[in-house]
Amino acid sequence: IKSIYLCFVKAASSRYCKCMYFSSQAMARKVEKLAQQSWKKVDLSPSHAYLLMMVLEEPGIQPSALVEELLLTPSTITRLIEKLEEKKLVVRTAEGKITNVYPTPKAKDLLPKLNQCLEEFYQTYSSILGKEESMQMVQRMNKLTDKLDV
């Protein structure tokens, strides 16, 4: 009888450990998993939650501003807004050619829980990686992301 052993290779010892694509995707998958666990309490994906928090912070925000701030494509922003509309968390209004996105009372009631999820997410990854190292890594990633103008 053959046994199958699962080998749990660390990213640093993978054959692709010197590849930016491999390393960034491995990190992204782990961060996504942590984020999903944090946002599960409000039944939202991290992307939906961040968009909703922006709408709560800036009622009447335009989708183009969400595109710029969240670094997502217009079609992705539209899809996220549609899902939040289905959940009765946002409403869109059209004023001429301008579309504005507003939070509903249900979304406003959710704000304390959204803030708790955000804090829990930060605390979780900071406790694993260290607060200072986490902060420096995020700053460095942002600088490098900005350099990749594609």
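Predicted model only: the values in this text are computed from it and were never measured. (Residues numbered from 1 in each chain as written. Predicted model: local features only at pLDDT ≥ 70, side-chain atom pairs only at ≥ 80, totals over all residues. Heavy atoms only, no water.)

A.B. asks: Any details on a nonpolar patch on the surface? Residues and values, ideally.
C.D. replies: Residues Met20, Leu148 and Val150 make up a contiguous nonpolar surface patch of about 420 Å² in total accessible area. Among the structural elements, Val150 can be located in the segment after helix H6 (131–147). (Patch = residues over 30% accessible without salt bridge, like charges linked within 9 Å, V, L, I, M, F, W, Y side chains within 5 Å. Areas by Shrake-Rupley, 256 points an atom, 1.4 Å probe, with all protein chains shown as cover. Salt bridge = Lys/Arg side-chain N within 4 Å of Asp/Glu carboxyl O. Helix = DSSP H or I, 4+ residues; strand = E, 2+ residues; numbered from the N terminus.)

A.B. asks: Any details on the packing of helix H1 (residues 20–39) against helix H2 (residues 46–57)? Residues and values, ideally.
C.D. replies: For any two helices packed against each other, the geometry is given by the interaxial angle and the distance between the axes. As a packed pair, H1 and H2 sit with axes 9 Å apart at the nearest point and diverge in direction by 60°. Comparing their axes, H2 and H1 come out oblique. For the pair H1 and H2, the contacting residues are Glu32, Ala35, Gln36 and Trp39 in the first and Pro46, Ala49, Tyr50 and Met53 in the second. Grouping the amino acids of the contact of H1 with H2 by side-chain chemistry returns 6 nonpolar, 1 polar and 1 charged. (Axes fitted to C-alpha atoms, helices over the stretch in contact; angles between N-to-C directions. Parallel < 35°, antiparallel > 145°, perpendicular 65-115°, else oblique. Contact = heavy atoms within 4.5 Å. Nonpolar A, V, L, I, M, F, W, Y, C, P; charged D, E, K, R; others polar.)

A.B. asks: An account of the state of the cysteines is requested, with residue identities and associated values reported.
C.D. replies: For the coordinates displayed, the defined rule picks out 0 disulfides. Take Cys19: it sits in no disulfide, and the sulfur closest to it among the cysteines is that of Cys17, at 9.7 Å. Classification of Cys19 by relative accessible area gives partly exposed; the value is 30%. (Disulfide = S-S within 2.5 Å. Buried < 20%, exposed > 50% of the residue type's maximum accessible area, 1.4 Å probe, protein only.)

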